[in-house]
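# Descriptive analysis of the structure
Each chain, letter by letter, is given below.
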Amino acid sequence: MTGFLDNVLGGLALGAVYALVALGFVVIFKASGVLNFAHGSLLLFGGYLIAVLHDDLGFAGALALAIPTTAALAGALDRFLLQRGGQDAHAAHVQTIVTIGVDIVLFTDLARRIGGDLLSLGDPWGDSVTELGPVTVADSRLAAIVVSAVVIAAVFALFRFTSWGLSLRAAAEDLEAAALMGVRLGRVRAGAWCLAGALAALAAVFLAAFPAPGLERGTGQIALNAFPAAILGGLVSPAGALAGSLIIGLTEALVVGYQSDLHVLGEGFGDVAPYAVMLLVLLVRPTGLFGAKGAVRV
């Protein structure tokens, strides 16, 4: 029973971090129709900045600099590279392909810089743990749950109560109609990409924190496990991204925790479990758990 509770807590923490990344996929798709395959490299970029700056600036200072820098990079990629291709549905498909090239360029450069090293981000939790009854949980996991919950609540409030959030929802419904009604699609897109970049940089902190060994060049690929979470939730639904992330996080943690009992599925099945869950759900609901029948699919 203790092992099960430990796996559940670990899964909730992992799902909370995946939710930060999945929200980035969703907000970009809602604003522009682009599925950003460079998102994992943006996360790796944010984590790398924190790793190289925390010795001089401290963790808080490095985080305060890395988040807006990663947001600015994401916004610049959209403004100066993707938006030049237009903003209609056909352009969105082309831009999605372009993000694959952007991902290759970013990842190659970051992988060269990181090499085979494991980089510490200097987070304040270290390897400290907390006793919660019979369960021992890493403080970094508790921090991941709390911080993610606060940030996600703030993002949902941004969607619901600001003019930018209203414009984003209008653009998600119909880009052409939104433009005719005076919505500045370029600004909506820029805000969406910047927000996604900021969330990715924050997620890097918890993906590299204990019990993970640190930031490595494969961390960005781990973050892409949030991709099936976004698809699972419906891709245009922030609430769906949250629900999908928790499902994927719990599934991955439980599969890894009970790997010895699931040996018939092969070693390393935990790495593909998120995608297996996504495929099973999409067989029943092709638009995802929260997707509408008229949703655009990529």
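Up top is the structure.
Let me begin by describing the structure that accompanies this report. This structure is a prediction, so every number in the text was calculated from the model and none was measured.

## Regarding empty space enclosed by the protein
Gaps between atoms show up when a probe of the same size as a water molecule is rolled over them. What the rule picks out here adds up to one cavity of 30 Å³ or more. In this model, the largest cavity occupies a volume close to 40 Å³. Every residue lining the largest cavity is listed: Asn-36, Ala-38, Leu-77, Leu-81, Leu-82, Thr-99, Val-102 and Trp-193. Of all the elements in the fold, those that place two or more residues in the lining of the largest cavity are helix H2 (39-82) and helix H3 (89-114). Tallying contributions element by element places H2 first for the lining of the largest cavity, with three residues. Tallied by class, residues from the lining of the largest cavity come to six nonpolar, two polar and no charged.

## A word on the packing of helix H4 (residues 139-161) against helix H5 (residues 163-173)
Where H4 meets H5, the axes come as close as 5 Å, and the angle between the chain directions of the two elements is 75°. Between H4 and H5, the angle is such that the two are roughly perpendicular. When H4 is examined against H5, the residues Leu-158, Phe-159, Arg-160 and Phe-161 are found in contact with a partner set consisting of Ser-163, Trp-164, Gly-165, Leu-166, Leu-168 and Arg-169. Residues that form the contact of H4 with H5 fall into these classes: six nonpolar, two polar and two charged.

## Regarding the environment of His-54
Mapping His-54 onto the fold places it in helix H2. Separated by 103 residues in the primary sequence, His-54 and Ala-157 have C-alpha atoms spaced 31 Å apart. In this view, His-54 contacts Phe-59, Ala-62, Ser-120, Leu-121 and Gly-122; residues no more than four positions away in its chain are not counted. At 3.3 Å, the side chain of His-54 forms a polar contact with the side chain of Asp-55.

## A few points about the nonpolar core
Of all hydrophobic cores here, the largest spans 79 residues; its most connected members are Val-27, Leu-43, Ile-50, Trp-164, Val-205, Phe-206 and Leu-215. Excluding anything up to four places from it in sequence, Leu-215 contacts Leu-44, Gly-47, Tyr-48, Ile-114, Asp-117, Leu-118, Leu-119, Leu-121 and Ala-208.

## Comments concerning the packing of helix H9 (residues 226-233) against helix H10 (residues 238-257)
Running from N to C, H9 and H10 point in directions that differ by 130°, and their axes come no closer than 7 Å. The orientation of H9 with respect to H10, classified from their angle, is oblique. The chirality of how H9 crosses H10 is right-handed. Residue-level contacts link Ala-229, Leu-232 and Gly-233 of H9 to Gly-240, Ala-241, Gly-244, Ser-245, Ile-247 and Ile-248 of H10.

## Some points on the side chain of Ser-148
Within the secondary structure layout, Ser-148 lies in helix H4. If we skip the residues at most four places from it in the chain, Ser-148 touches Ala-16, Val-17, Leu-20 and Ala-143.

## So, the pattern of salt bridges
This structure, assessed with the given rule, holds three salt bridges. A salt bridge links Arg-112 to Asp-109; the nearest nitrogen and oxygen atoms lie 2.7 Å apart. Of this pair, Arg-112 and Asp-109 both sit in helix H3, three residues apart, which is roughly one turn of the helix. A relative accessible area of 58% means that Arg-112 is categorised as exposed. A salt bridge links Arg-113 to Asp-109; the shortest N-O distance between them is 3.0 Å. Of this pair, Arg-113 and Asp-109 both sit in helix H3, four residues apart, roughly one helical turn.

The rules behind these values
Residues numbered from 1 in each chain as written. Predicted model: local features only at pLDDT ≥ 70, side-chain atom pairs only at ≥ 80, totals over all residues. Heavy atoms only, no water. 1 Å grid on protein atoms, 1.4 Å probe; cavity = no way out; pocket = protein on both sides within 12 Å on 5 of 7 lines; lining within 4 Å. Points joined across faces, edges and corners; volume = space filled by probe spheres on them. Helix = DSSP H or I, 4+ residues; strand = E, 2+ residues; numbered from the N terminus. Nonpolar A, V, L, I, M, F, W, Y, C, P; charged D, E, K, R; others polar. Axes fitted to C-alpha atoms, helices over the stretch in contact; angles between N-to-C directions. Parallel < 35°, antiparallel > 145°, perpendicular 65-115°, else oblique. Contact = heavy atoms within 4.5 Å. Polar contact = N/O pair within 3.5 Å; in protein donor to acceptor, adjacent residues only side chain to side chain. Core = buried A, V, L, I, M, F, W, Y, C linked by side-chain atoms within 4.5 Å. Buried < 20%, exposed > 50% of the residue type's maximum accessible area, 1.4 Å probe, protein only. Left-handed = near helix turned anticlockwise from the far one by under 90°. Salt bridge = Lys/Arg side-chain N within 4 Å of Asp/Glu carboxyl O.

Interpretation note: all reported values are geometric properties and have no functional meaning in isolation.
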